[in-house]
Amino acid sequence: MYKRPGEAGGSAPDPAPQSPAGLGAAAAAPGTAGAPGRAERVRPGAIAPVAPRGLPRSVWALPPVIVLALVFLYPLALVVQQSFSPENGGGAFDAYSHVFASTAFREALGTTVWLAVGSTAGCLVLGFTLALIIAFVPFPGAKAVAKFIDVFLSFPSFLITLALLFIYGTVGMANGAWTDAFGVSEGPFHFLATPWGVLLAEITYFTPFVMRPLLAAFSQLDTAQLEVAAGLGARPARIIRQVIVPEALPALGAGGSLVLVMCLNEFGIVLFTGAKDVTTLPMLIYGKAILESDYAAACVVAVVNIAISVGLFGLYRVVGKRAGA
């Protein structure tokens with residue numbers, strides 16, 4: 001029942017009339033802006049900004065900056081300084097000219113680049129295929145497989161290489177089964193000690209780094225688009241090409257850039273495969289510094305490796321921002 005103002009039963013009482021003095025006090029209260037008498041509206045529950053007191057913010061930032069400089073920047077500066085001032089004397093760029101003119105450096109640079117590019121391409125193809133199956137093909141245990149990928153990212157690279165050695169090594173399971181079956185002295189699987197073995201190990205290890213952003217992108221894909229495309233008679237290959245791939249391109253770019261950076265700096269996989277003829281930039285640094293004690297040359301190769309990695313990491317950050325990662 002409608003109740004007129006003044007009747008009992010739920011009607012709020014009229015606000016008490018304010019005196020002109022009260023109105024003037026409200027107009028002069030803190031938080032007003034603009035003309036006198038015009039009060040600023042404050043959202044309920046909002047916290048008013050408090051002016052910082054005591055030490056300035058730059059002082060609070062000094063401790064982490066000092067720790068970062070001592071732990072990371074100072075050793076890095078020493079590496080750069082050593083590359084320009086070799087212990088045996090000479091000019092500032094003598095070590096660079098000597099390293100750049102060597103055949104070992106050019107071969108290591110070429111091997112590093114083609115292994116990184118080949119591994120990235122393999123990870124993109126295999127990662128996209130597996131992520132597509134996990135996300136859109138219903139099968140028992142799909143969620144468990146997706147969660148296992150997160151766990152797989154924490155595995156060290158040498159563990160995957162060790163597992164491949166147990167399977168395809170000289171005395172591994174595959175060669176053992178071959179010798180038992182055909183009665184020969186040795187099996188045919190010796191590719192792990194070649195560049196193709198390193199390529200297989202890197203693709204096996206780094207593919208989940210592509211699958212993780214792809215699965216995140218597929219989880220945000222509107223399934224109504226897929227249903228409409230299927231309802232209009234589009235085949236699965238056309239749906240993948242015209243609907244799924246455009247949505248997955250940013251995630252593919254982010255994952256591929258990350259894998260490319262990590263493959264350029266991979267050391268454990270090359271070392272554990274025992275591929276003696278495969279020399280990458282990290283392996284060349286190890287050889288120059290540990291085996292030959294040529295620290296100036298090792299620092300030059302390290303500076304080149306750092307420059308390439310930082311440039312690719314900047315590309316990864318740009319692509320990652322566009323992908324929303």
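Treat the numbers as computed from the prediction; the structure is a model and nothing was measured.

For the rest of this paragraph, the subject is the overall build of the chain. In terms of regular secondary structure, the chain is built from 14 helices and zero strands. Counting only residues that meet the buried cut, the chain has 30% of its 325 residues in that class. Long-range contacts, defined here as pairs at least 24 residues apart, represent 70% of the contacts in the chain between residues at least 6 apart. Split by element, the accessible area of the chain, about 20,900 Å² in all, is 67% carbon and sulfur.

A separate point is the confidence of the model for the chain. Scored by pLDDT, the chain comes out at a mean of 81, with 80% of its residues at no less than 70. Per-element averaging of pLDDT across the chain places helix H1 (residues 20-27) at the bottom with 43 and helix H5 (residues 103-136) at the top with 94.

This brings us to the packing of helix H10 (residues 223-231) against helix H11 (residues 236-264). Axis angle and axis distance: for two packed helices, these are the angle between their axes and the distance between the axes, and together they describe the pair. Following both chains from N to C, one finds H10 and H11 inclined at 150°, their axes separated by 11 Å at the closest point. Our classification of the angle between H10 and H11 gives roughly antiparallel. For the element pair H10 and H11, the recorded crossing hand is right-handed. Seen from H10, the contacting residues are Gln225, Leu226, Ala229 and Ala230; seen from H11, they are Ile239, Val243 and Ile244. The residue makeup of the contact of H10 with H11, split by class, is six nonpolar, one polar and no charged.

With that settled, consider the nonpolar core. Among the nonpolar cores identified, the biggest contains 45 residues, and Phe128, Phe206, Leu214 and Phe218 are the most heavily contacted of them. Going through the elements one at a time, H5, helix H6 (142-152), helix H7 (157-168), helix H9 (195-219), H10, H11 and helix H12 (268-273) are the ones with two or more residues in this core. For this core, the element with the most residues is H9, which contributes 13 residues. When near neighbours in sequence (up to four residues on either side) are disregarded, Phe218 contacts Phe128, Ala131, Leu132, Ala135, Phe136, Ile244 and Ala248. Membership of the second largest hydrophobic core comes to 13 residues, among which are Val99, Phe105, Leu281 and Val301.

Conventions adopted
- Residues numbered from 1 in each chain as written.
- Predicted model: local features only at pLDDT ≥ 70, side-chain atom pairs only at ≥ 80, totals over all residues.
- Heavy atoms only, no water.
- Helix = DSSP H or I, 4+ residues; strand = E, 2+ residues; numbered from the N terminus.
- Buried < 20%, exposed > 50% of the residue type's maximum accessible area, 1.4 Å probe, protein only.
- Contact = heavy atoms within 4.5 Å.
- Areas by Shrake-Rupley, 256 points an atom, 1.4 Å probe, with all protein chains shown as cover.
- pLDDT = per-residue confidence, 0-100.
- Axes fitted to C-alpha atoms, helices over the stretch in contact; angles between N-to-C directions.
- Parallel < 35°, antiparallel > 145°, perpendicular 65-115°, else oblique.
- Left-handed = near helix turned anticlockwise from the far one by under 90°.
- Nonpolar A, V, L, I, M, F, W, Y, C, P; charged D, E, K, R; others polar.
- Core = buried A, V, L, I, M, F, W, Y, C linked by side-chain atoms within 4.5 Å.

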